[in-house]
Amino acid sequence: MPAMPRKILIIEDEPDILTVVTVALEMHGSFTTTTARTGAEGIMLARREHPDAILLDVMLPGMDGYEVCRKIRSEPYLAEIPVIFLSAQADYDEAREAYERAKCFVLRKPFDPLKLASNITAILESEGVR
Amino acid sequence: MTDSIKSDNFGIDRSVLESVIASAGVGILICDTEGNVRLANDAAARALTTSASTVLTSRIFDLLPLPQGAEVRAAFRHLSKTACDDEAFHEITFEIEGQTLKCVTHPIFTTGEDAGLMVTLLQNVTAETQAARAQTEFTSVIAHELRTPLTALKGSIDLVLANAGGEIGDSVRSLLSISQASCNRLIRLLDDLLDVAQAETGSLKLRMHVVSVDGFVLRAVETLRAQAESRGIRLLVRTTGEIPAVVADQDRLEQVVVNIISNALKFSPEKSRVTVNVRRSQSVVQVSVSDEGPGIRETDRANIFRKFYRLPETGSTETGRGLGLAISKAIVEQHGGRITVRNRRSHGSTFTIELPIPGEDELPRKNKQ
(Lines give C-alpha, C1' and ligand atoms only; values in the text may rest on other atoms or scores of the structure.)
Protein backbone atom coordinates (compact mmCIF):
# COMPACT_ATOMS: atom_id res chain seq x y z
CA MET A 1 0.00 0.00 0.00
CA PRO A 2 1.54 3.34 -0.99
CA ALA A 3 2.47 5.73 1.82
CA MET A 4 0.13 8.61 2.53
CA PRO A 5 1.10 11.66 0.49
CA ARG A 6 2.86 14.31 2.52
CA LYS A 7 1.12 17.61 2.95
CA ILE A 8 3.21 20.67 2.04
CA LEU A 9 2.17 24.26 2.75
CA ILE A 10 3.75 26.71 0.30
CA ILE A 11 3.82 30.37 1.38
CA GLU A 12 4.92 32.43 -1.63
CA ASP A 13 3.56 35.71 -2.97
CA GLU A 14 4.64 35.15 -6.60
CA PRO A 15 1.82 33.23 -8.32
CA ASP A 16 4.11 31.91 -11.09
CA ILE A 17 6.51 30.39 -8.59
CA LEU A 18 3.59 28.96 -6.63
CA THR A 19 2.41 27.23 -9.81
CA VAL A 20 5.87 25.83 -10.62
CA VAL A 21 6.36 24.52 -7.07
CA THR A 22 2.85 23.03 -6.95
CA VAL A 23 3.21 21.28 -10.32
CA ALA A 24 6.71 20.03 -9.44
CA LEU A 25 5.53 18.50 -6.17
CA GLU A 26 2.24 17.07 -7.37
CA MET A 27 3.75 15.47 -10.50
CA HIS A 28 6.06 13.59 -8.16
CA GLY A 29 2.99 11.88 -6.71
CA SER A 30 4.02 11.77 -3.08
CA PHE A 31 2.90 15.25 -2.03
CA THR A 32 -0.27 17.26 -1.74
CA THR A 33 -0.02 21.03 -1.56
CA THR A 34 -1.81 23.95 0.06
CA THR A 35 -0.82 27.47 -0.90
CA ALA A 36 -0.84 30.88 0.74
CA ARG A 37 0.15 34.25 -0.73
CA THR A 38 0.92 36.05 2.56
CA GLY A 39 2.51 35.19 5.86
CA ALA A 40 -0.70 35.75 7.84
CA GLU A 41 -2.67 33.48 5.52
CA GLY A 42 0.13 30.91 5.74
CA ILE A 43 0.10 30.81 9.55
CA MET A 44 -3.69 30.44 9.55
CA LEU A 45 -3.45 27.54 7.08
CA ALA A 46 -0.64 25.95 9.10
CA ARG A 47 -2.89 25.92 12.19
CA ARG A 48 -5.78 24.44 10.21
CA GLU A 49 -3.89 21.91 8.05
CA HIS A 50 -0.89 21.06 10.24
CA PRO A 51 1.30 20.29 7.18
CA ASP A 52 4.29 17.92 7.14
CA ALA A 53 6.52 20.81 5.99
CA ILE A 54 6.28 24.49 5.14
CA LEU A 55 8.00 25.99 2.09
CA LEU A 56 8.46 29.66 2.91
CA ASP A 57 9.51 32.55 0.68
CA VAL A 58 11.87 34.98 2.46
CA MET A 59 10.71 38.21 0.86
CA LEU A 60 6.98 38.28 1.48
CA PRO A 61 4.99 41.51 1.50
CA GLY A 62 4.15 42.74 4.99
CA MET A 63 5.26 40.03 7.41
CA ASP A 64 8.46 38.59 5.89
CA GLY A 65 9.54 34.96 5.93
CA TYR A 66 11.70 35.33 9.05
CA GLU A 67 8.77 36.76 11.03
CA VAL A 68 6.47 33.99 9.78
CA CYS A 69 9.07 31.42 10.85
CA ARG A 70 9.42 33.04 14.27
CA LYS A 71 5.64 32.90 14.81
CA ILE A 72 5.49 29.25 13.69
CA ARG A 73 8.29 28.35 16.08
CA SER A 74 6.54 30.16 18.93
CA GLU A 75 3.34 28.08 18.69
CA PRO A 76 3.71 24.67 20.38
CA TYR A 77 1.31 23.01 17.94
CA LEU A 78 3.37 24.21 14.93
CA ALA A 79 6.87 24.54 16.38
CA GLU A 80 8.12 21.13 15.22
CA ILE A 81 7.04 21.45 11.58
CA PRO A 82 10.14 21.61 9.32
CA VAL A 83 10.40 25.03 7.67
CA ILE A 84 12.23 25.29 4.35
CA PHE A 85 13.09 28.79 3.17
CA LEU A 86 12.98 29.57 -0.53
CA SER A 87 15.66 32.20 -0.93
CA ALA A 88 16.68 34.41 -3.81
CA GLN A 89 20.45 34.85 -3.90
CA ALA A 90 20.50 38.51 -2.84
CA ASP A 91 19.42 37.43 0.63
CA TYR A 92 20.90 33.93 0.51
CA ASP A 93 23.57 34.52 3.16
CA GLU A 94 20.99 36.07 5.43
CA ALA A 95 18.69 33.08 4.88
CA ARG A 96 21.54 30.69 5.60
CA GLU A 97 22.22 32.44 8.90
CA ALA A 98 18.52 32.39 9.74
CA TYR A 99 18.56 28.66 9.01
CA GLU A 100 21.34 28.17 11.49
CA ARG A 101 19.57 30.23 14.14
CA ALA A 102 16.08 28.80 13.73
CA LYS A 103 17.09 25.29 12.64
CA CYS A 104 15.38 25.74 9.29
CA PHE A 105 16.45 24.64 5.82
CA VAL A 106 17.16 26.74 2.75
CA LEU A 107 16.57 26.03 -0.91
CA ARG A 108 18.08 28.57 -3.22
CA LYS A 109 16.15 30.21 -6.04
CA PRO A 110 16.23 29.36 -8.83
CA PHE A 111 15.82 25.78 -7.66
CA ASP A 112 15.68 22.79 -9.95
CA PRO A 113 11.98 21.81 -9.94
CA LEU A 114 12.89 18.25 -10.86
CA LYS A 115 14.96 17.92 -7.69
CA LEU A 116 12.58 19.83 -5.44
CA ALA A 117 10.59 16.76 -4.41
CA SER A 118 13.68 14.69 -3.62
CA ASN A 119 15.24 17.61 -1.70
CA ILE A 120 12.11 17.95 0.41
CA THR A 121 11.90 14.20 0.94
CA ALA A 122 15.50 14.16 2.14
CA ILE A 123 14.82 17.02 4.56
CA LEU A 124 11.69 15.33 5.91
CA GLU A 125 13.56 12.06 6.39
CA SER A 126 16.38 13.86 8.20
CA GLU A 127 13.73 15.34 10.50
CA GLY A 128 12.16 11.95 11.11
CA VAL A 129 8.88 12.81 9.32
CA ARG A 130 7.35 9.71 7.78
CA MET B 1 55.10 77.50 -0.07
CA THR B 2 53.05 76.42 2.91
CA ASP B 3 54.34 75.83 6.38
CA SER B 4 53.22 72.26 6.22
CA ILE B 5 56.07 71.26 3.98
CA LYS B 6 59.29 70.35 5.59
CA SER B 7 61.93 69.09 3.24
CA ASP B 8 65.35 67.65 3.63
CA ASN B 9 67.63 67.55 0.68
CA PHE B 10 66.12 65.01 -1.72
CA GLY B 11 68.73 65.51 -4.39
CA ILE B 12 66.46 67.36 -6.79
CA ASP B 13 65.62 71.01 -7.05
CA ARG B 14 63.85 71.77 -3.80
CA SER B 15 61.52 74.45 -5.19
CA VAL B 16 60.24 72.16 -7.94
CA LEU B 17 59.71 69.32 -5.50
CA GLU B 18 57.89 71.54 -3.05
CA SER B 19 55.63 73.13 -5.69
CA VAL B 20 54.61 69.76 -7.09
CA ILE B 21 53.87 68.29 -3.71
CA ALA B 22 52.10 71.36 -2.32
CA SER B 23 49.82 71.73 -5.34
CA ALA B 24 48.92 68.04 -5.58
CA GLY B 25 45.25 67.28 -5.01
CA VAL B 26 46.06 64.12 -3.08
CA GLY B 27 47.69 63.93 0.31
CA ILE B 28 51.38 63.07 0.07
CA LEU B 29 53.50 61.89 2.96
CA ILE B 30 57.13 60.95 2.67
CA CYS B 31 58.36 58.92 5.62
CA ASP B 32 61.43 57.01 6.67
CA THR B 33 61.14 53.27 7.18
CA GLU B 34 60.25 53.85 10.85
CA GLY B 35 57.21 55.80 9.71
CA ASN B 36 58.47 59.23 10.83
CA VAL B 37 56.95 61.82 8.51
CA ARG B 38 59.75 63.70 6.76
CA LEU B 39 57.58 65.67 4.37
CA ALA B 40 53.83 66.20 3.91
CA ASN B 41 51.51 68.54 2.08
CA ASP B 42 48.37 70.36 3.24
CA ALA B 43 46.13 67.84 1.48
CA ALA B 44 47.56 65.08 3.70
CA ALA B 45 46.78 67.05 6.87
CA ARG B 46 43.27 67.80 5.63
CA ALA B 47 42.64 64.15 4.73
CA LEU B 48 43.76 63.05 8.20
CA THR B 49 41.68 65.84 9.78
CA THR B 50 44.60 67.12 11.80
CA SER B 51 47.04 69.99 11.68
CA ALA B 52 50.11 70.15 9.50
CA SER B 53 52.35 70.48 12.55
CA THR B 54 50.88 67.30 14.07
CA VAL B 55 51.47 65.41 10.82
CA LEU B 56 55.09 66.54 10.65
CA THR B 57 55.88 65.48 14.20
CA SER B 58 54.17 62.09 14.09
CA ARG B 59 54.73 58.63 12.75
CA ILE B 60 52.30 57.81 9.96
CA PHE B 61 50.99 54.76 11.83
CA ASP B 62 49.85 56.96 14.72
CA LEU B 63 47.89 59.23 12.38
CA LEU B 64 45.70 56.39 11.10
CA PRO B 65 42.87 54.58 12.89
CA LEU B 66 44.21 51.72 15.04
CA PRO B 67 43.80 48.55 12.93
CA GLN B 68 44.82 50.27 9.72
CA GLY B 69 47.78 51.93 11.45
CA ALA B 70 49.01 48.50 12.53
CA GLU B 71 48.54 47.16 8.99
CA VAL B 72 50.48 50.07 7.46
CA ARG B 73 53.24 49.55 10.04
CA ALA B 74 53.52 45.90 8.94
CA ALA B 75 53.51 47.02 5.29
CA PHE B 76 56.36 49.45 5.99
CA ARG B 77 58.37 46.61 7.52
CA HIS B 78 57.68 44.39 4.53
CA LEU B 79 58.24 47.06 1.83
CA SER B 80 61.47 48.33 3.38
CA LYS B 81 62.98 44.87 2.74
CA THR B 82 61.62 44.62 -0.80
CA ALA B 83 63.93 44.69 -3.76
CA CYS B 84 63.24 47.17 -6.58
CA ASP B 85 59.88 46.11 -7.97
CA ASP B 86 57.17 48.22 -9.60
CA GLU B 87 54.54 46.01 -8.05
CA ALA B 88 55.78 46.51 -4.48
CA PHE B 89 53.13 48.61 -2.84
CA HIS B 90 50.51 48.45 -0.13
CA GLU B 91 46.96 49.73 -0.46
CA ILE B 92 44.29 50.08 2.18
CA THR B 93 40.98 51.91 2.30
CA PHE B 94 39.46 53.09 5.58
CA GLU B 95 37.01 55.50 7.15
CA ILE B 96 38.12 58.50 9.16
CA GLU B 97 35.76 61.20 10.43
CA GLY B 98 33.05 60.17 7.99
CA GLN B 99 35.44 60.24 5.02
CA THR B 100 36.71 57.26 3.08
CA LEU B 101 40.44 57.43 2.39
CA LYS B 102 42.53 55.28 0.09
CA CYS B 103 46.08 55.03 1.39
CA VAL B 104 48.75 53.71 -0.99
CA THR B 105 52.37 53.27 0.08
CA HIS B 106 55.32 52.68 -2.24
CA PRO B 107 58.99 52.37 -1.34
CA ILE B 108 61.22 54.93 -3.10
CA PHE B 109 64.01 53.04 -4.81
CA THR B 110 66.98 55.39 -4.70
CA THR B 111 70.46 55.12 -3.36
CA GLY B 112 72.52 57.32 -1.07
CA GLU B 113 70.99 59.34 1.73
CA ASP B 114 67.48 59.12 0.29
CA ALA B 115 67.47 55.34 0.37
CA GLY B 116 64.85 53.74 2.59
CA LEU B 117 62.11 56.31 2.13
CA MET B 118 58.44 55.57 1.61
CA VAL B 119 55.88 57.68 -0.16
CA THR B 120 52.26 57.38 0.95
CA LEU B 121 49.42 58.88 -1.08
CA LEU B 122 46.12 59.64 0.62
CA GLN B 123 43.11 60.06 -1.61
CA ASN B 124 39.63 60.98 -0.48
CA VAL B 125 37.40 58.42 -2.20
CA THR B 126 34.21 59.10 -0.21
CA ALA B 127 32.13 60.03 -3.25
CA GLU B 128 33.36 57.04 -5.27
CA THR B 129 32.71 54.68 -2.35
CA GLN B 130 29.19 56.02 -1.83
CA ALA B 131 28.49 55.72 -5.56
CA ALA B 132 29.83 52.15 -5.55
CA ARG B 133 27.63 51.27 -2.56
CA ALA B 134 24.58 52.72 -4.27
CA GLN B 135 25.47 50.70 -7.35
CA THR B 136 25.81 47.53 -5.26
CA GLU B 137 22.41 48.10 -3.66
CA PHE B 138 20.91 48.76 -7.07
CA THR B 139 22.50 45.61 -8.48
CA SER B 140 21.24 43.55 -5.53
CA VAL B 141 17.69 44.81 -6.01
CA ILE B 142 17.80 44.23 -9.76
CA ALA B 143 19.33 40.78 -9.29
CA HIS B 144 16.56 39.83 -6.89
CA GLU B 145 13.82 41.27 -9.06
CA LEU B 146 15.14 39.38 -12.09
CA ARG B 147 15.75 36.19 -10.19
CA THR B 148 12.10 35.78 -9.26
CA PRO B 149 10.67 35.77 -12.82
CA LEU B 150 13.70 33.74 -13.97
CA THR B 151 12.91 31.14 -11.32
CA ALA B 152 9.39 30.82 -12.69
CA LEU B 153 10.64 30.78 -16.29
CA LYS B 154 13.36 28.19 -15.70
CA GLY B 155 11.04 26.09 -13.53
CA SER B 156 8.31 26.04 -16.16
CA ILE B 157 10.72 25.11 -18.95
CA ASP B 158 12.30 22.36 -16.84
CA LEU B 159 8.87 20.94 -16.03
CA VAL B 160 7.64 21.01 -19.64
CA LEU B 161 10.87 19.32 -20.76
CA ALA B 162 10.20 16.68 -18.09
CA ASN B 163 6.79 16.08 -19.74
CA ALA B 164 4.88 17.59 -16.78
CA GLY B 165 2.33 18.92 -19.27
CA GLY B 166 2.31 15.78 -21.43
CA GLU B 167 4.62 14.37 -24.11
CA ILE B 168 6.32 16.98 -26.33
CA GLY B 169 7.71 16.54 -29.83
CA ASP B 170 11.37 16.69 -30.82
CA SER B 171 11.22 20.15 -32.40
CA VAL B 172 9.46 21.63 -29.35
CA ARG B 173 12.02 19.90 -27.12
CA SER B 174 14.86 21.31 -29.17
CA LEU B 175 13.48 24.86 -29.01
CA LEU B 176 12.77 24.64 -25.29
CA SER B 177 16.30 23.33 -24.70
CA ILE B 178 17.60 26.55 -26.26
CA SER B 179 15.36 28.56 -23.91
CA GLN B 180 16.59 26.50 -20.97
CA ALA B 181 20.27 27.09 -21.86
CA SER B 182 19.69 30.83 -22.27
CA CYS B 183 17.88 30.92 -18.96
CA ASN B 184 20.76 29.17 -17.24
CA ARG B 185 23.17 31.64 -18.81
CA LEU B 186 21.13 34.59 -17.53
CA ILE B 187 21.12 33.11 -14.04
CA ARG B 188 24.92 32.69 -14.09
CA LEU B 189 25.26 36.27 -15.29
CA LEU B 190 23.08 37.49 -12.42
CA ASP B 191 25.16 35.50 -9.92
CA ASP B 192 28.35 37.01 -11.31
CA LEU B 193 26.95 40.56 -11.31
CA LEU B 194 25.88 40.21 -7.72
CA ASP B 195 29.23 38.73 -6.70
CA VAL B 196 31.25 41.45 -8.37
CA ALA B 197 29.07 44.24 -6.98
CA GLN B 198 29.34 42.88 -3.44
CA ALA B 199 33.01 42.03 -3.67
CA GLU B 200 34.03 45.40 -5.07
CA THR B 201 32.57 47.20 -2.09
CA GLY B 202 33.93 44.67 0.36
CA SER B 203 30.42 43.56 1.31
CA LEU B 204 30.82 39.98 0.15
CA LYS B 205 30.19 37.76 3.16
CA LEU B 206 33.19 35.52 3.69
CA ARG B 207 33.01 32.44 5.88
CA MET B 208 36.56 32.46 7.20
CA HIS B 209 38.17 29.31 8.55
CA VAL B 210 41.69 27.96 8.80
CA VAL B 211 42.01 26.05 5.53
CA SER B 212 44.57 24.08 3.60
CA VAL B 213 45.50 25.76 0.32
CA ASP B 214 46.10 22.38 -1.31
CA GLY B 215 42.49 21.45 -0.56
CA PHE B 216 40.72 24.15 -2.53
CA VAL B 217 43.35 24.15 -5.28
CA LEU B 218 42.94 20.41 -5.85
CA ARG B 219 39.15 20.67 -5.84
CA ALA B 220 39.33 23.44 -8.44
CA VAL B 221 41.69 21.33 -10.57
CA GLU B 222 39.41 18.31 -10.38
CA THR B 223 36.43 20.44 -11.40
CA LEU B 224 38.20 21.35 -14.64
CA ARG B 225 40.20 18.19 -15.35
CA ALA B 226 37.65 16.70 -17.73
CA GLN B 227 37.39 19.96 -19.64
CA ALA B 228 41.19 20.09 -19.98
CA GLU B 229 41.44 16.46 -21.06
CA SER B 230 38.75 16.91 -23.69
CA ARG B 231 41.18 19.27 -25.47
CA GLY B 232 44.25 17.20 -24.79
CA ILE B 233 45.59 19.77 -22.29
CA ARG B 234 47.64 18.41 -19.40
CA LEU B 235 46.61 20.00 -16.13
CA LEU B 236 49.49 19.67 -13.68
CA VAL B 237 49.75 20.60 -10.00
CA ARG B 238 53.12 21.17 -8.32
CA THR B 239 53.47 21.85 -4.63
CA THR B 240 56.85 23.06 -3.43
CA GLY B 241 57.77 22.54 0.21
CA GLU B 242 55.40 22.73 3.13
CA ILE B 243 52.41 24.99 2.57
CA PRO B 244 51.07 26.74 5.66
CA ALA B 245 47.33 27.00 6.22
CA VAL B 246 45.58 30.30 5.54
CA VAL B 247 42.49 31.93 7.00
CA ALA B 248 40.03 32.03 4.15
CA ASP B 249 36.61 31.30 2.70
CA GLN B 250 37.56 28.14 0.86
CA ASP B 251 34.49 28.10 -1.39
CA ARG B 252 35.26 31.60 -2.60
CA LEU B 253 38.95 30.85 -3.14
CA GLU B 254 38.04 27.66 -5.00
CA GLN B 255 35.84 29.87 -7.20
CA VAL B 256 38.88 32.13 -7.85
CA VAL B 257 41.15 29.22 -8.76
CA VAL B 258 38.45 27.73 -11.00
CA ASN B 259 38.13 31.12 -12.75
CA ILE B 260 41.84 31.39 -13.37
CA ILE B 261 42.37 27.82 -14.54
CA SER B 262 39.29 28.03 -16.72
CA ASN B 263 40.71 31.21 -18.28
CA ALA B 264 44.05 29.51 -18.84
CA LEU B 265 42.31 26.57 -20.55
CA LYS B 266 40.35 28.95 -22.75
CA PHE B 267 43.55 30.49 -24.13
CA SER B 268 45.61 27.31 -24.29
CA PRO B 269 46.32 25.53 -27.55
CA GLU B 270 45.33 21.89 -27.76
CA LYS B 271 47.81 19.38 -26.35
CA SER B 272 49.60 22.07 -24.30
CA ARG B 273 50.13 22.24 -20.54
CA VAL B 274 48.53 24.29 -17.79
CA THR B 275 50.55 24.17 -14.59
CA VAL B 276 49.33 25.11 -11.15
CA ASN B 277 52.15 25.84 -8.70
CA VAL B 278 51.61 26.18 -4.97
CA ARG B 279 54.47 27.46 -2.83
CA ARG B 280 55.36 29.64 0.09
CA SER B 281 57.15 32.92 -0.53
CA GLN B 282 58.14 34.81 2.63
CA SER B 283 54.90 35.86 4.35
CA VAL B 284 52.49 34.69 1.65
CA VAL B 285 51.27 31.51 0.00
CA GLN B 286 51.40 31.80 -3.78
CA VAL B 287 49.13 29.90 -6.13
CA SER B 288 50.14 30.49 -9.74
CA VAL B 289 48.57 29.19 -12.93
CA SER B 290 50.74 29.17 -16.05
CA ASP B 291 49.61 28.41 -19.57
CA GLU B 292 51.32 28.04 -22.93
CA GLY B 293 48.89 30.29 -24.77
CA PRO B 294 49.69 33.48 -26.70
CA GLY B 295 50.35 35.59 -23.58
CA ILE B 296 48.58 38.84 -22.80
CA ARG B 297 49.41 42.20 -24.37
CA GLU B 298 50.58 44.92 -21.99
CA THR B 299 47.48 47.07 -22.59
CA ASP B 300 45.28 44.08 -21.81
CA ARG B 301 47.30 43.23 -18.69
CA ALA B 302 46.53 46.68 -17.31
CA ASN B 303 42.80 46.21 -17.82
CA ILE B 304 42.28 42.51 -17.45
CA PHE B 305 40.90 42.69 -13.90
CA ARG B 306 38.32 45.36 -14.81
CA LYS B 307 34.77 44.13 -15.00
CA PHE B 308 33.34 43.54 -18.47
CA TYR B 309 36.85 43.72 -19.98
CA ARG B 310 37.21 41.02 -22.59
CA LEU B 311 40.36 40.07 -24.41
CA PRO B 312 40.02 40.76 -28.12
CA GLU B 313 40.56 38.23 -30.92
CA THR B 314 40.95 35.20 -28.75
CA GLY B 315 39.97 32.82 -31.45
CA SER B 316 38.08 31.01 -28.74
CA THR B 317 34.52 29.88 -29.14
CA GLU B 318 33.89 30.37 -25.43
CA THR B 319 31.58 33.20 -24.52
CA GLY B 320 33.01 34.96 -21.48
CA ARG B 321 31.18 37.60 -19.56
CA GLY B 322 34.27 39.58 -18.61
CA LEU B 323 33.46 39.22 -14.92
CA GLY B 324 35.43 36.23 -13.66
CA LEU B 325 38.74 38.03 -13.15
CA ALA B 326 37.09 41.12 -11.64
CA ILE B 327 35.33 38.85 -9.13
CA SER B 328 38.56 36.94 -8.49
CA LYS B 329 40.53 40.13 -7.81
CA ALA B 330 37.90 41.44 -5.43
CA ILE B 331 37.67 38.14 -3.53
CA VAL B 332 41.45 37.83 -3.18
CA GLU B 333 41.77 41.44 -2.03
CA GLN B 334 39.02 40.95 0.54
CA HIS B 335 41.26 38.18 1.92
CA GLY B 336 44.09 40.73 2.26
CA GLY B 337 45.89 39.16 -0.70
CA ARG B 338 46.55 40.19 -4.25
CA ILE B 339 46.37 38.80 -7.75
CA THR B 340 48.77 39.65 -10.55
CA VAL B 341 49.47 38.57 -14.10
CA ARG B 342 52.65 38.52 -16.13
CA ASN B 343 53.79 37.03 -19.39
CA ARG B 344 56.20 34.14 -19.27
CA ARG B 345 59.60 34.52 -20.96
CA SER B 346 58.91 31.72 -23.39
CA HIS B 347 55.22 32.01 -24.14
CA GLY B 348 51.96 32.08 -22.27
CA SER B 349 51.05 33.91 -19.14
CA THR B 350 51.04 33.32 -15.40
CA PHE B 351 48.37 34.47 -12.97
CA THR B 352 49.48 34.52 -9.35
CA ILE B 353 47.35 34.75 -6.23
CA GLU B 354 49.11 35.68 -3.01
CA LEU B 355 47.41 35.00 0.31
CA PRO B 356 48.86 36.25 3.60
CA ILE B 357 50.04 33.59 6.05
CA PRO B 358 48.33 34.34 9.36
CA GLY B 359 50.37 34.94 12.49
CA GLU B 360 49.91 32.60 15.47
CA ASP B 361 47.58 35.14 17.12
CA GLU B 362 45.34 35.22 14.04
CA LEU B 363 44.70 31.48 14.07
CA PRO B 364 41.47 30.63 15.86
CA ARG B 365 41.66 27.61 18.14
CA LYS B 366 38.53 26.11 16.65
CA ASN B 367 37.21 25.99 13.08
CA LYS B 368 40.23 24.13 11.83
CA GLN B 369 39.22 22.33 8.65
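Relevant structure appears above.
Residues numbered from 1 in each chain as written. Chains lettered and ligands numbered in written order. Predicted model: local features only at pLDDT ≥ 70, side-chain atom pairs only at ≥ 80, totals over all residues. Heavy atoms only, no water.

## Examining the sheet that holds strand 11 (residues 338–343) of chain B
Residue and element names in this part refer to chain B. Heads up, the rule is: Should DSSP find at least two bridges between two strands, the strands are taken to pair. Counting from the N terminus, the helices are DSSP H or I runs at least four residues long and the strands are E runs at least two residues long. Note on definitions: angles span 0 to 180 degrees between N-to-C directions of axes, and those axes are lines fitted to C-alpha atoms, for helices only across the stretch in contact.
On the basis of which strands lie adjacent, the open sheet formed by 5 strands has the order 7-9-10-12-11 and mixed pairing. In this open sheet, the two strands that pair with only one neighbour each are strand 7 (234–240) and strand 11. Taking the axes of each pair of neighbouring strands and ignoring which way they run, one obtains an average angle of 15° across the sheet. Sheet topology places strand 11 next to strand 12 (residues 349–356); 6 bridges connect them, and they run antiparallel.

## Topic: the environment of Pro 113 of chain A
Within the secondary structure, Pro 113 of chain A sits in helix 5 (residues 113–126). For the pair Pro 113 of chain A and Val 21 of chain A, spaced 92 residues apart in sequence, the C-alpha separation works out to 6.9 Å.

## What to know about a nonpolar patch on the surface
Residue and element names in this part refer to chain A. Applicable threshold: Within the patch definition used here, like charges are joined within 9 Å and nonpolar side chains (Val, Leu, Ile, Met, Phe, Trp, Tyr) within 5 Å, considering only residues with over 30% relative accessible area and no salt bridge. Shrake-Rupley sampling with a 1.4 Å probe provides the accessible areas, and residues are treated as covered by the protein chains on show and by no other component. A pairing counts as a salt bridge when a side-chain nitrogen of Lys or Arg comes within 4 Å of a carboxyl oxygen of Asp or Glu. Buried residues are those whose accessible area, probed at 1.4 Å on protein chains only, stays under 20% of the maximum for their type, while exposed residues exceed 50% and partly exposed ones sit between those limits.
A surface patch of nonpolar side chains, amounting to about 240 Å² of accessible area, comprises Val 23, Met 27 and Leu 114. In this fold, Val 23 is placed in helix 1 (residues 15–28). Since its relative accessible area comes to 32%, Val 23 is described here as partly exposed.

## Some remarks on the packing of aromatic side chains
Applied cut-off: Centres within 6.5 Å are what make two rings of Phe, Tyr or Trp a pair, Trp counting through its six-membered ring; a difference in plane orientation under 30 degrees is then read as stacked, over 60 as edge-to-face, and the rest as tilted.
The tally for this structure, following the rule as stated, stands at 3 aromatic pairs over all chains. Ring centres 5.4 Å apart and planes at 65° place the aromatic pair Tyr 66 of chain A and Phe 85 of chain A in the edge-to-face group. Of the two residues, Tyr 66 of chain A sits in helix 3 (residues 65–74) while Phe 85 of chain A sits in strand 4 (residues 83–87), which places them 19 residues apart along the sequence. By relative accessible area, which is 1% here, Phe 85 of chain A ends up buried. Ring centres of Phe 305 of chain B and Phe 351 of chain B lie 6.1 Å apart, and the angle between their planes is 85°; this geometry places the pair in the edge-to-face category. Pair noted here: Phe 305 of chain B is in the loop between helix 10 (298–303) and helix 11 (324–334) and Phe 351 of chain B is in strand 12, with a separation of 46 residues, a long-range link.

## Re the packing of helix 1 of chain A against helix 5 of chain A
Residue and element names in this part refer to chain A. Convention followed: Two helices that cross are described as forming a left-handed crossing if the nearer one is turned anticlockwise from the farther one by less than a right angle, and a right-handed crossing if clockwise. Every residue pair with non-hydrogen atoms within 4.5 Å of one another is taken to be in contact. Under the scheme applied here, ten amino acids are nonpolar (Ala, Val, Leu, Ile, Met, Phe, Trp, Tyr, Cys and Pro), four are charged (Asp, Glu, Lys and Arg), and all others, including Gly, are polar.
Here helix 1 crosses helix 5 at 65°, and the two axes come no closer than 9 Å. Regarding helix 1 and helix 5, the two cross each other, and that crossing is right-handed. Contact residues: Val 20, Val 21, Ala 24, Leu 25 and His 28 in helix 1; Pro 113, Leu 116, Ala 117 and Ile 120 in helix 5. When the residues that make up the contact of helix 1 with helix 5 are grouped by side-chain class, the tally is 8 nonpolar, 1 polar and no charged.

## Describing helix 5 of chain A
All names here are of chain A. Put simply, the rule is: Every helix has an expected span of 1.5 Å times one less than the residues it contains. Here, the arc refers to the directions that run from the helix axis to the C-beta atoms. Polar contacts, as used here, are pairs of N or O atoms within 3.5 Å; protein pairs need one atom able to donate a hydrogen and one able to accept it. Residues neighboring in sequence count only if both atoms are side-chain atoms.
The terminal C-alpha atoms of helix 5, which comprises 14 residues, lie 20 Å apart, in line with the 20 Å expected from a rise of 1.5 Å per residue. Along helix 5, the positions that sit buried rather than exposed are Pro 113, Leu 116, Ala 117, Ile 120, Thr 121, Ile 123 and Leu 124. Down the axis of helix 5, the buried side of the element spans an arc of 165°, and every buried residue falls inside it. In helix 5, those exposed residues whose orientation departs by more than 90 degrees from the buried face are Glu 125 and Ser 126. A side-chain oxygen of the first residue of helix 5 lies 2.9 Å from the backbone nitrogen of Leu 114; this N-cap is Asp 112. Positive backbone phi, at 80°, marks Gly 128, one or two positions downstream of helix 5.

## Examining helix 2 (residues 39–49) of chain A
Residues spaced three or four apart along an α-helix face the same direction, because each turn holds 3.6 residues. Residue and element names in this part refer to chain A. The complete set of buried residues in helix 2 reads Gly 39, Gly 42, Ile 43, Leu 45 and Ala 46. Mapping the buried residues of helix 2 onto a view down its axis gives an arc of 165°, with all of them on the same face. Elements in contact with the buried residues of helix 2: strand 1 (6–11), strand 2 (31–36), strand 3 (53–57) and helix 3. Looking one or two residues beyond helix 2, the residue adopting positive phi is His 50, at roughly 40°.

Scope: geometric values only; no functional claims are made or implied.
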